[in-house]
Amino acid sequence: MSDQHFLLLLVMWSSLAVLLAWLLPARLQATAIAACGAGLLASVSVLSLLILAAYTGLSFLAHRHAPGRHAATVAGIAGAVAVLCCFMAAGGGSAGGIGEGVILPAGMAFYTLRLIHYLLESYKDNLRRHDFSEYLAYEFLPSTLPVGPIHRFDEFLRDLRRRRWDPVTFSGGMERILYGSAKLVVIGNYLVGQKLAIALSGTMAAPGIEGVYAAAVLFWIKLYVLFSGYSDIAIGFGALLGLRLRENFDWPFLARNIGEFWQRWHVSLASWCRDYVFTPTLSFTRSHGLAVVASMLVLGLWHELSLRYLLWGAYHGVGLVLFRMFADCAGPRIGLLPAAMRHAWRVLATLLTLHFVLFSFAVTSALERILLGN
Amino acid sequence: MYDWLCSKLPRPWVNLLYGAWYASLMILILLLADKPAADFYYLHG
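Residues numbered from 1 in each chain as written. Chains lettered and ligands numbered in written order. Predicted model: local features only at pLDDT ≥ 70, side-chain atom pairs only at ≥ 80, totals over all residues. Heavy atoms only, no water.

> Can you help me understand the overall build of chain B in this one?
When its secondary structure is counted, chain B shows two helices and zero strands. Taking all 45 residues of chain B together, the buried fraction comes to 27%. Summed over its atoms, the accessible surface of chain B is roughly 3,200 Å², and 72% of this surface lies on carbon and sulfur atoms. (Helix = DSSP H or I, 4+ residues; strand = E, 2+ residues; numbered from the N terminus. Buried < 20%, exposed > 50% of the residue type's maximum accessible area, 1.4 Å probe, protein only. Areas by Shrake-Rupley, 256 points an atom, 1.4 Å probe, with all protein chains shown as cover.)

> Whenever I open this one, helix H2 (residues 26–44) of chain A confuses me. Can you help?
Think of an α-helix as 3.6 residues a turn; residues three or four steps apart then line up on the same face. Taking 1.5 Å per residue as the helical rise, H2(A) with its 19 residues ought to reach 27 Å, and the 28 Å between its terminal C-alpha atoms agrees with that figure. Where H2(A) is concerned, the buried positions are Gln29(A), Ala30(A), Ala32(A), Ile33(A), Ala34(A), Cys36(A), Gly37(A), Ala38(A), Gly39(A), Leu40(A), Leu41(A) and Val44(A). (Expected span 1.5 Å × (residues − 1).)

> Can you walk me through the domain arrangement of chain A in this structure?
Interfaces are often sized by the amount of accessible area the parts lose when they come together. Residue and element names in this part refer to chain A. Once the domains are mapped, chain A shows domain 1 (3–161), domain 2 (167–240) and domain 3 (252–372). Relative to domain 3, the C-alpha centre of domain 2 lies at a distance of 23 Å. If you look at the interface, domain 2 gives 10 residues, while domain 3 gives 12 residues. Around 1,000 Å² of area is buried between domain 2 and domain 3 when both sides are counted, 88% of it from carbon and sulfur atoms. (Domains from an automatic or database assignment. Contact = heavy atoms within 4.5 Å. Buried area = accessible area lost by both parts, 1.4 Å probe.)

> What am I meant to see in the pattern of salt bridges here?
Two side chains with opposite charge may pair up if their charged atoms get near one another. Residues and elements named next belong to chain A. Counted according to the given criterion, the structure contains 13 salt bridges over all chains. Measuring nitrogen to oxygen at the nearest pair gives 3.3 Å for the salt bridge that ties Arg-244 to Asp-159. Taken together, the residues Arg-244 in the loop between helix H9 (209–240) and helix H10 (258–264) and Asp-159 in helix H7 (residues 153–162) connect sequence positions 85 residues apart. Its salt-bridge partner being Glu-260, residue Arg-264 comes within 3.0 Å of it at the nearest N-O pair. Placement of both Arg-264 and Glu-260 in helix H10 is noted, with a separation of four residues, approximately one turn of the helix. One salt-bridge network, in which partners are shared between bridges, spans Arg-176, Lys-183, Asp-232 and Glu-247. (Salt bridge = Lys/Arg side-chain N within 4 Å of Asp/Glu carboxyl O.)

> Looking at this structure, I do not really get the packing of aromatic side chains. What am I missing?
The description of an aromatic ring pair rests on the distance of the ring centres and on the angle between the ring planes. All names here are of chain A. As enumerated under the stated definition, the model contains 34 aromatic pairs over all chains in all. A ring pair is formed by Tyr-135 and Phe-153, whose centres lie 6.1 Å apart and whose planes are at 80°; its orientation type is edge-to-face. Of this pair, Tyr-135 sits in helix H6 (residues 132–139) while Phe-153 sits in helix H7, and the two are 18 residues apart along the sequence. Note on Tyr-135: relative accessible area 0%, which makes it buried. With relative accessibility at 0%, the residue Phe-153 sits in the buried group. Judged by centre distance (5.7 Å) and plane angle (35°), the rings of Trp-220 and Phe-361 are tilted. Of this pair, Trp-220 sits in helix H9 while Phe-361 sits in helix H15 (residues 360–372), and the two are 141 residues apart along the sequence. Each member of the pair, Trp-220 as well as Phe-361, is classed as buried. Of the aromatic side chains, those joined through ring pairs into one cluster are Phe-219, Trp-220, Tyr-224, Phe-227, Phe-249, Phe-253, Phe-261, Trp-262, Trp-265, Tyr-309, Trp-312 and Phe-361. (Phe/Tyr/Trp six-rings, centres within 6.5 Å; stacked < 30°, edge-to-face > 60°.)

> Looking at this structure, how should I read the side chain of His130(A)?
All names here are of chain A. Mapped onto the elements, His-130 comes out in the loop between helix H5 (108–123) and H6. A polar contact is formed between the side chain of His-130 and the side chain of Tyr-118, at a distance of 2.7 Å. Only 2.8 Å separates the side chain of His-130 from the backbone oxygen of Arg-128, close enough to count as a polar contact. Not counting the four nearest positions on each side in its chain, His-130 is found in contact with Phe-60, His-63, Arg-64, Tyr-118, Tyr-135, Phe-153, Leu-157 and Arg-161. (Polar contact = N/O pair within 3.5 Å; in protein donor to acceptor, adjacent residues only side chain to side chain.)

> Explanation requested: unusual backbone geometry in the structure shown.
Note: most residues except glycine have negative phi, and most peptide bonds are trans. Residues and elements named next belong to chain A. If you check the backbone angles, Trp-251 has positive phi at about 45° while not being a glycine. If you trace the backbone, Trp-251 turns up in the loop between H9 and H10. Of note, the phi angle at Arg-286 is positive, near 60°, even though the residue is not glycine. With respect to the secondary-structure elements, Arg-286 resides in the loop between helix H11 (267–285) and helix H12 (288–303). For Arg-286, a relative accessible area of 71% puts it in the exposed group.

This is the structure in structure tokens:
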């Protein structure tokens, strides 16, 4: 399935969800939203729909009949993670595979994170009373199925129940979808994917740091534009439905340190890792460094089950730990510098952070080659 | 942005500007939509 075809399906099913969610009686609206998500999944891969629907049913049964049961929660999470890992391993590690020769069920990487969130919050008894259609609408919200944002059930439920027609929100959503589409098609696909790639092709072919640098710049710009474009479309469709979905990006390349970068890049994933990996690990081990590294390892392996992404997670984890140590030592002294020096430091820190991120894949790929002896 | 423009220009002019901006974006998207696609799957399944 081509990218344009998938984007067209996403827009069609999401638009149908918007239409039905405002036209149907209130009791049918959540079901209609879920049905459109199911329609999107089925038009990509029926297998994906069957797997995710089975998981949704089982997790709701666990919530309804075994609330707060340790065994049910652990079994649910372990099962979801095991299935995700099996599909990723079968697909050569990558979580991206809803195209030809379906490897990973469409949307499963993001679905698994939402499922774990739901099971854990159910275990902690943090979920308000809800029915199956509301949970289905949460898991099968069409615009967030392919690449998030990873929204939270309590926020979704609150918005779903309180949503009212608001022309300002609706027109804001339309504008967001237009900007997201322009990011994808005009900037990501045409300007970066074609024009910039051609302009940099000579430099990328050059041996040494020059080629690596050009390839890294192109990769990260393209990733940012595409990913934030899809997020804009998802958030825009959320607004058309009267839902406020979490923002995913906040000018990440302007971050002044690596900690700030992860508060600005794929925010919904970083906050998921903070809540469900970092905080539990910190409370068990009382070690901030260990909790940070564990979070980044999970974050890395979620992208791809491979040594490269394990190293990538470790690279960011170690970077975060080193930054914290530096900030504890030098932070107060930087605050005492004259204003001009502080400004220069901020610019330098932004550039350092940007290059730490730019080179993350180049460094970890080189490490992987050394470790594998290639 | 809209409110700021409205403080500098008459509202109908601002609406016209916005309309032209949205229309030009839509035309660009339609013109470029058939170009070879960026790899969506590289973002995740």
